[in-house]
Structures are given as C-alpha cells and as structure tokens.
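# Residue-level structural notes
Listed below, chain by chain, are the residues.
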Amino acid sequence: MVMSIEKFSFTYAGASAPSLKNINMEIAKNKITSLIGPSGCGKSTLLRSMNRIHDLYPGNKYDGKIKLLNEDSGKMENILDIKKENDFINLRQKVGMIFQKPTPFPMSIFDNIAYGLKIAGIKNKTEIADRVEQALKDGALYKEVHDRLNKSAMGLSGGQQQRLCIARAVAVKPEILLFDEPTSALDPISTAAIEELIVELKKDVSIAIVTHNMQQASRISVYTAFMYLGDLVEFDKTENIFLNPKEKQTEDYITGRFG
Amino acid sequence: MEKIFQKISLSSASLVFVILIGIFITLFNASKPAIDEFGFNFITDARWNEEVPLDDAKKAPASVEINLDDMDFASNDEILLDDDMLLDESGDDDILFDEEDSQTKTVYGGLIPIVGTLLTTAIALAFALPIAMGIAVFLAEIAPKNISHPVGIAIELLAAIPSIIFGMWGLYYFAPIVADLVGGYQVSLLTAGLVLGIMILPFMAAITRDSMNTTPDVLKESAYAMGATKFEVIKDIIFPYSKVGIIGSIILALGRALGETMAVAFLIGSIFSLPQAINDPTISIPVAMANNFGEASGLGESSLFYLALILFVISFGVISFAKLYFLKGAK
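Residues numbered from 1 in each chain as written. Chains lettered and ligands numbered in written order. Predicted model: local features only at pLDDT ≥ 70, side-chain atom pairs only at ≥ 80, totals over all residues. Heavy atoms only, no water.

## Some thoughts on the interface of chain A and chain B
On the chain B side, the residues contacting the 22 residues of chain A number 19 residues. With both sides pooled, the region where chain A packs onto chain B buries about 1,800 Å², and carbon together with sulfur makes up 70% of that total. Three residues, Pro106, Tyr115 and Ile119 of chain A, lead the burial of chain A against chain B; their summed loss comes to 28% of the area buried on that side. Across the chain A-chain B interface, the total number found is 1 salt bridge. Among the salt bridges present, the one from Glu221 of chain B reaches Arg48 of chain A, with a minimum N-O distance of 2.9 Å. Along the contact surface separating chain A from chain B lie 5 residue pairs in polar contact (both at pLDDT 80 or more). Elements supplying a minimum of two residues to the side of chain A that touches chain B: helix 2 (85-94), strand 6 (95-98) and helix 3 (109-119) of chain A. The leading source of residues in the side of chain A that touches chain B is helix 2 of chain A, at 4 residues. (Contact = heavy atoms within 4.5 Å. Buried area = accessible area lost by both parts, 1.4 Å probe. Salt bridge = Lys/Arg side-chain N within 4 Å of Asp/Glu carboxyl O. Polar contact = N/O pair within 3.5 Å; in protein donor to acceptor, adjacent residues only side chain to side chain. Helix = DSSP H or I, 4+ residues; strand = E, 2+ residues; numbered from the N terminus.)

## Regarding unusual backbone geometry
Residues and elements named next belong to chain A. Positive phi is not limited to glycine here, since Asn30 has a value of about 50°. Its place among the elements puts Asn30 in the loop between strand 2 (20-27) and strand 3 (32-36). On the basis of relative accessible area, Asn30 is assigned to the partly exposed category, the value being 29%. Here Arg52, not a glycine, exhibits a phi torsion of approximately 55°, which is positive. In this structure, Arg52 sits in the loop between helix 1 (43-49) and strand 4 (61-69). Residue classification places Arg52 among the buried residues on the basis of a relative accessible area of 5%. (Buried < 20%, exposed > 50% of the residue type's maximum accessible area, 1.4 Å probe, protein only.)

## A look at the packing of helix 3 of chain A against helix 4 (residues 125-138) of chain A
Residue and element names in this part refer to chain A. Packing of helix 3 against helix 4 leaves a shortest axis separation of 9 Å and a crossing angle of 120°. Crossing angle aside, the handedness with which helix 3 passes helix 4 is right-handed. Together, Phe110, Ile113, Ala114, Leu117 and Lys118 of helix 3 and Ile128, Ala129, Arg131, Val132, Ala135 and Leu136 of helix 4 make up the contact between the two elements. (Axes fitted to C-alpha atoms, helices over the stretch in contact; angles between N-to-C directions. Left-handed = near helix turned anticlockwise from the far one by under 90°.)

Right under this line is the structure:
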C-alpha cells in the first residue's frame, strides 16, 4: 500500500455541498487501481486530490486524510497537511499525473522529457540524455522518435503525444502515477498501445487510473473503485466488482442499466 | 444574392489593398522631386533646409560620414556648418556672405528625423517591454480575480487616453522629473521615448495578458504536476505558448510608437540636430512633418513627403519582418 485515503471529503470553492463524501480506499503498491463511475461522480476530483493539483485554484476545501508512503522512513504521511511550495513540488514529483488530452509542452521531444529532470535539479548533460533515452524506451516511443528528438513535440500524433507525456512523467521516477482518462481522446490502436504501456509500467510505479471504459478497467486493473454522486459505492478486487458486486448500484452500472 | 454577397465581401477585402497601394503611390509621386534630387543619400544626410554651394551638394554623403566620426569633438548644434568649413577649402564664409552671387541650393536630408524616430521607438520599447510583461504575468497568473479584473480595466483605460494628454502631462510633470534625475534638457529623446513607452504599455500588457490567458489550463497543470514552480511554468510553458501573441503585441506597439505625433511633438524638442546623448533634444519624422507642412513648398514639401514615404516603408518593413519571422516560427 502506497497511499491510503481515509474519511476524505472535498468541496470545490464556492460550492455549498461537498463533491466527495467520506471516501475510504487505498492504492496498492505496484498494482493498477481503477476508478469508474458515471460522469460527474467525482472520480477525477478524487484523482486530482491525490497530488493536490486542486491547490492551483484557490478556495477548495479538503477534509479527512490522504496518506502517502514515505519510502525512506516507511511511514505514511498525510499529504493534506502540506503547505509549503517546496513540499508541493516534492509531492508532485512523487505523484505524477497524465491527463485526458495529451499535453506536450511547446518545445522539442527531448526537452519535453528533459524538462522534469531539469526542474528536479539535474544538471549533468549525459545523465539527462541517458534518462531521456530510458524514459522514451519506457514510454515505448524511442523507436518511433529516436531520429527526431530535436523536432517539436507538437508534430507527433495524438497517441505518440500521450506516450510522450507518460515518458515525461516516468522520467522523474515517481512512486505513483495518476492517469485521468488517458485514452479517451485516442483511437483504438493508440489506446491498446497505452494500455499495454500502463501494464508494463506497474513494475516500477503504483498506478491509479480514472476511466470511462469499463472494459479497460477490467482488462488492466487489479482493484476497482466504483463511485457514484460523490460517494465511493464499492471498492474491491476488480474481478469481484465485475463478476460479483455486493452493491445493487454497482451491478446496475456494470451491466449497463444506467450510466 | 450569393454572388452579390461574395462580390461585396471581395471588394471590401480588396479595398484595403487599393488604399495601401494608393497611399504608397501618392507618397511616391509627391516625393518624386526630392527623390530625384537627393536619391538615397537623403537617408544619410543630416542637413535639413540648408543653403550650400551648388557643386558642394553632391558631396553630402562624404561630409556626413566625416561628421559622424567627428561627433565627439562637436559640441554645439552647428556641427554641420563646422564640417562644411573644415571640408570646404574655398571657405564657408564666402558662401554665407555671397549668397546672391554664387550659385547655391537648399539641401534636405532625412537622417536626423529618421534617427530620432528610431531612437524614440527603441527607448519606448526598451522601457515598456519588461514592464508590460510584468503586468501581463501578474494579471494572468499571479493576481487573484478580484484584483486582476479592476487592474485590467485600469490598463484598458490607460490605452484610451488621447495622446495629446500624454504630451501635456509629459511636458509639465514628467519632463522636469526626468531632467532632475538624468540631467540635460527637459525636452529630449529620453523624455519623448519614456512617455511613448508609457503610451504603448497598456497595449502590450493587455494583448500579452490575453494571449497568456489562452494557455490551456491542462498544459499548466501538467507542468505543475511534474513539480514545476509558478515561475518555471510562466517561463517555460506560458511564455513559449503565447509567444505569437506577445510578438503581435510588440508589433502593434511598435506601429503606434513609430507614428506617434502629438505627444512626441511636445516632448522631443523639435530641433533638427543629431542627438549626441540620450537626453539631447532632436526631432522625429511625424513631428517634422506636423511642424513644417504649413510653411513648406517646392522641394521642402517634397522632402517631407519623402520622409513620410520612409516612415511608411519602415513601419511596413518592421511589421512584415515580424510577421514573416513568427509565421515561420509557428510552422
């Protein structure tokens, strides 16, 4: 277990009611945990709490605890206590994030991946070059782009851009990677490539993925959380959720009766 | 109906070209006598409205080059006359006294107003650019909404102030302050450039802010999600992303600074003298035209048109260069 979420509630700035209510779940180490549920159920909100990206916008309110494993001390530390910018940077280097749409930075392919390393304070050029190459290999992109690393990343296809973003996140060696519907803007072939990549990545990182696609969740994840209207309805092994759900709502959603 | 609509929109679009070419042809025709007379030497000739002996007029460029080299030695406004005396072996005095006898002609050269225009614009840009970027970054990224909104409105209001008001404010309040701080004349290249900078500031700030606001949130978030600080996101993500808009704002500001007349007329000093220092008074092309059109006739008038043509070409050149430059960059 690398992250545990306890009695967690979240209220957006200016909203009267919380968007997430009393969530209890955990992210298992080197496993894939997926979050499913209909639109507006709060799964992305929950994911975005895990690296506190919500804090870029003022006025949001957290309650409860989200504890992250400190790999050095072996202790669980509550990330909701973080207040200093340095600690935020630290947190986000440990907990990376991939978004729904590919977000290549307006720079070359090489610089896109080197960026995270540079802001992490790595100055040695050969080390950066080595880690960029390794990250591109980890991101299953090296073969396609090795001869045009200095070209703008904007020229890549959507699927390649998304793999670039994954490689970029992997390059800084995070402990957890959060995927926010990473394939919803991609065609089936690119989707398959990304899924394969995510499965490959769990060797090194723990993964939480939000997805609209239930087949995707059942294909790749070991644990699944079903959320509905801000509540965590059920959290269990993926096979139990899909084959043997305990809650009526979960069963209705899985079998396509609503959602 | 469809056809009529197409024709109307086509003719509206082509009207722009017709006007542009029309202005160019008018300027060219009106400045033809001056072009024939002075050719391209006009651009490097610092003499404006000066009587010289007929056979001396052709030596103008040589005399100016020497004049530029000797700049350090010259201390008064009449460098050019000094130079003529140095150069002219027959002696300048004769000419001045015997104007009626010896054949003389009036020489017009555009160097001083051209230099004045380029320098005021450069000072204005150098002053306004960093401040405008600072304002834009503050409004787009740092300030909370309840501050950025009123400040944004204030900046747009600043853009709406007529230039003559800037000129008067600059002359009565700003120029003495500048003169106190830097020394030298109150009306000078520096005061004109600084006030011009203040005038173009709101344009640059507002357009830069708008283009920074077009940076997708998710792009910024993904940089933050890698552990970037606010400064790093602004420097590495927002600036590159909004580069095109920022260059656009600089071009617009440049266009305004090059052609600004009223405020500069108040502040630049309006004398035909090549500035030796940043706080010397001089003249710019629009000011030269505004001040002299009333009395000008013949070759003088034509020379003013020549100046106008040069301003037109400078503005056009700057804008096309910048457009081409960043269109190429965009691909």
